[in-house]
Amino acid sequence: MIADAAFGHFARTLLNLVLLAVLLTLGSQSLAQGNDRRGFLWEIRRGNQVGLLFGTIHVGRPEFYPLPKGRLAHLQRANVIVLEADISDTARAIAATQKYAVYPENAPGLEKRLPAELKARIDALLARNQLDAAPLMRLKPWMLANVLALFEAAQAGYMPALAVEAYLARLAASESKPVLELEGIEQQFELFEQAPWATQLAFLEEAVKAVETRAARREVNRIVQAWETADRPALERLLAEMRSQSTVGARFTVDAMLLGRHPQMVRRIEAMLADGRIYLFAVGSLHLIGPQGLVEMLRARGFTVTEL
């Protein structure tokens with residue numbers, strides 16, 4: 001466990017960026033204009049089983065909310081909201097972070113583990129953004145990579161606190177609907193933690209390069225713009241580009257963190273729908289598309305899947 005003072009700074013630096021999707025009061029805001037198809041939405045049916053798949057993004061801007069009336073009308077049909085992971089439980093999020101993502105207090109941090117050249121590049125990025133390196137050097141490589149990517153998204157104007165999942169959690173609370181999980185934060189962290197050290201280093205190095213070259217900012221812009229206009233072809237082009245990359249970090253992202261999670265997600269969706277309630281399954285938009293995406297996998301399992 002990190003010392004209390006260090007963890008207080010760590011919590012502000014990390015959890016505010018990564019874990020704690022603040023359930024802001026957005027119901028009275030209506031800044032978005034024109035588009036009535038924000039986000040990607042499918043209805044799934046098999047016999048008397050009915051559900052909804054909603055593609056999310058894990059960052060947002062205030063003007064995204066509330067969602068357009070047409071979208072809300074569909075989403076409000078659901079009896080249950082299902083997120084990849086519900087991170088509204090602060091104590092649980094902190095415990096998972098301490099267990100999986102942070103080096104123990106008596107163990108060396110990244111300042112002792114990283115190759116000198118990579119550490120120098122990270123130091124330069126942190127200095128450029130006036131971030132304290134000490135708490136961030138306590139993170140595992142994969143978590144630091146995620147923090148850097150999300151901080152870059154925040155610099156581009158997209159805030160994790162305004163993620164679609166946070167909005168849906170608030171919507172569920174306002175309508176007294178339960179929120180369940182497809183996976184959970186612990187399971188997601190375990191996938192990262194189980195990666196070999198060389199893979200974790202490659203994942204971090206590619207995140208650093210993406211921030212250095214502004215590629216991370218361009219990618220998040222593309223994802224957000226596709227989501228904001230429900231532009232599925234644009235999202236499919238981005239996924240195809242990701243799948244064509246052969247680097248270690250890119251293969252881990254696509255094969256383990258994206259496609260590798262789909263079989264279990266599909267099993268969970270099937271199990272939940274069996275009780276006859278209408279579930280809204282909200283997952284990152286890239287999980288839904290492509291030949292190995294959830295939409296096609298559910299079709300292969302006998303569901304009729306209709307884009308709305």
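Residues numbered from 1 in each chain as written. Predicted model: local features only at pLDDT ≥ 70, side-chain atom pairs only at ≥ 80, totals over all residues. Heavy atoms only, no water.

A. Focus on the confidence of the model for the protein chain. Summary statistics for the protein chain give a mean pLDDT of 87 and a share of 88% for residues scoring 70 or more. Between residues 1-34, whose pLDDT stays under 50, and residues either more than four places distant or in other chains, the model counts 72 contacts. (pLDDT = per-residue confidence, 0-100. Contact = heavy atoms within 4.5 Å.)

B. A look at the sheet that holds strand S4 (residues 179-181). With respect to topology, 6 strands assemble into an open sheet ordered S4-S3-S5-S2-S1-S6, the strand pairing being mixed. Each edge of the sheet is formed by a strand with only one pairing partner; in this case those strands are S4 and strand S6 (304-307). Adjacent strand axes in the sheet meet at a mean angle of 25 degrees, parallel and antiparallel pairs treated alike. Note that strand S3 (residues 80-83) and S4 share 3 bridges and pair parallel. Along S4, the bridge assignment pairs Leu83 with Glu181. (Pairing = 2+ DSSP bridges. Helix = DSSP H or I, 4+ residues; strand = E, 2+ residues; numbered from the N terminus. Axes fitted to C-alpha atoms, helices over the stretch in contact; angles between N-to-C directions.)

C. Quick peek at the nonpolar core. Ile44, Leu53, Phe54, Leu168 and Phe281 are the most contacted members of the largest nonpolar core, which totals 60 residues. With residues up to four places along the chain from it excluded, the contact list for Ile44 reads Gln49, Val50, Gly51, Leu52, Leu53, Ile269, Leu273, Phe281, Leu298, Phe303, Thr304 and Val305. One finds Tyr100, Leu110, Leu144 and Met257 within the second-largest nonpolar core, a separate group that totals 37 residues. (Core = buried A, V, L, I, M, F, W, Y, C linked by side-chain atoms within 4.5 Å. Buried < 20%, exposed > 50% of the residue type's maximum accessible area, 1.4 Å probe, protein only.)

D. Examining the packing of helix H3 (residues 90-101) against helix H9 (residues 185-193) more closely. For the pair H3 and H9, interaxial distance at closest approach is 10 Å and the crossing angle is 15 degrees. Taken together, the axes of H3 and H9 are roughly parallel relative to one another. The chirality of how H3 crosses H9 is right-handed. Of H9, the residues touching H3 (which contributes Arg92, Ala93, Ala96, Thr97, Tyr100 and Ala101) are Ile185, Glu186, Phe189, Glu190 and Glu193. Among the residues making up the contact of H3 with H9, the classes are represented as 6 nonpolar, 1 polar and 4 charged. (Parallel < 35°, antiparallel > 145°, perpendicular 65-115°, else oblique. Left-handed = near helix turned anticlockwise from the far one by under 90°. Nonpolar A, V, L, I, M, F, W, Y, C, P; charged D, E, K, R; others polar.)

E. Layout of the environment of Ala96. Considering the arrangement of structural elements, one finds Ala96 in helix H3. You can call Ala96 buried: its relative accessible area is 4%. Spatially, the C-alpha atoms of Ala96 and Gln187 are 9.6 Å apart, while their sequence positions differ by 91 residues. Every residue in contact with Ala96, bar those within four places of it in the chain, is listed here: Ala101, Ile185, Glu186 and Phe189.

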